[in-house]
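A structural walkthrough
Letter by letter, the chains look like this.
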Amino acid sequence: MTDSIESITILGGRSKSGSPEDVNLRLVPGDLVAVVGPTGSGKSRLLADIEYVAQRDTPSGRCILINDQPPAPELRFAWGRKLIAQLSQNMNFVMDATVAEFIAMHAECRDTHFEEAGLANLIDSVVAQANRLTGEPIHPDTPLTALSGGQSRALMIADTAILSDSPIVLIDEIENAGIDRRQALDILVQNQKIVLMATHDPILALLAHSRIVLKSGGISDVLRSDEGESELLEELQKADAAIMAVREKLRRGERLGSAAFKIS
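To keep things clear, this report deals only with the structure shown in the data block. (Residues numbered from 1 in each chain as written. Predicted model: local features only at pLDDT ≥ 70, side-chain atom pairs only at ≥ 80, totals over all residues. Heavy atoms only, no water.)

Taken as a whole, this structure holds 9 salt bridges when the rule is applied. Put simply, arginine 26 and aspartate 68 hold a salt bridge, and the shortest N to O gap is 2.9 Å. A residue pair is termed long-range when its members are at least 10 positions apart, and arginine 26 in strand β2 (residues 24-27) and aspartate 68 in the loop between β4 (63-66) and α2 (73-77) qualify at 42 residues. With a relative accessible area of 42%, arginine 26 lands in the partly exposed category. One salt bridge in this structure joins arginine 211 and glutamate 229, with 2.6 Å as the shortest N-O distance. Within this pair, whereas arginine 211 is found in strand β8 (residues 210-215), its partner glutamate 229 is found in helix α8 (residues 227-251), the two being separated by 18 residues in sequence. Like arginine 211, the residue glutamate 229 is buried in the burial classification. Here the salt bridges share partners, and the residues they tie into one network are Glu21, Arg45, Asp49 and Arg62. (Salt bridge = Lys/Arg side-chain N within 4 Å of Asp/Glu carboxyl O. Helix = DSSP H or I, 4+ residues; strand = E, 2+ residues; numbered from the N terminus. Buried < 20%, exposed > 50% of the residue type's maximum accessible area, 1.4 Å probe, protein only.)

What follows concerns the packing of helix α5 (residues 149-162) against helix α6 (residues 181-190). Where α5 contacts α6, the axes come no closer than 8 Å and their chain directions differ by 15 degrees. Taken together, the axes of α5 and α6 are roughly parallel relative to one another. With respect to the hand of their crossing, α5 and α6 are arranged in left-handed fashion. When α5 is examined against α6, the residues Ile157, Thr160 and Ala161 are found in contact with a partner set consisting of Ala184, Ile187 and Leu188. Residues of the contact of α5 with α6, tallied by class, amount to 5 nonpolar, 1 polar and no charged. (Axes fitted to C-alpha atoms, helices over the stretch in contact; angles between N-to-C directions. Parallel < 35°, antiparallel > 145°, perpendicular 65-115°, else oblique. Left-handed = near helix turned anticlockwise from the far one by under 90°. Contact = heavy atoms within 4.5 Å. Nonpolar A, V, L, I, M, F, W, Y, C, P; charged D, E, K, R; others polar.)

Structure representation (structure tokens):
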């Protein structure tokens, strides 16, 4: 069913005050969309509408189309539906299993059958992708309960990109994940996911192909980055790299001075 997802479309509803949203936004695999706005503006409501595949039956009155059509009931309500994967801010494991055992179990749940060598390659692939995102290496024999928050988030993003057949991924504030944010988004987009992320981070917002702006519970605008914003993104990324370099020096216990912060 999810192999045939070619697009989702967000049709506007209304704001908290009842003002109509003039929105008809069609997204296709590989699209990256930022959802921005102040706290309480309705970002979580929009993500919930997409997760629920709303049909004018939520407080916002929005409608979500799949392949330009209202979804079949089984796509919305069937147990174990695979349309949408959601990555929340807090993600920690309580399962008594290793990383390798978790990946193998997930592959089995997805009806993905491998010979022993193939499964080992799959595990190595997921772990390698996860390790692109975190400064704390993950090993296949690491217990899930021993993973930090950042490692857990990195593992779930890699798992979602490689193993999950959910074509739509919703992310809540990836900037708080303790991982390489850009690499995480690249992995998901390269695996042809439709990614929507609620964020307050200007770099992530400018990395997106478009951004949905929310105010007072309603979608007030849909913006696409222009040349000026692309230039600003370059400057912000340089500053971010300089901050990350200082952070690494701090972690290594080095002394810091003004010379430690250089934007090149």
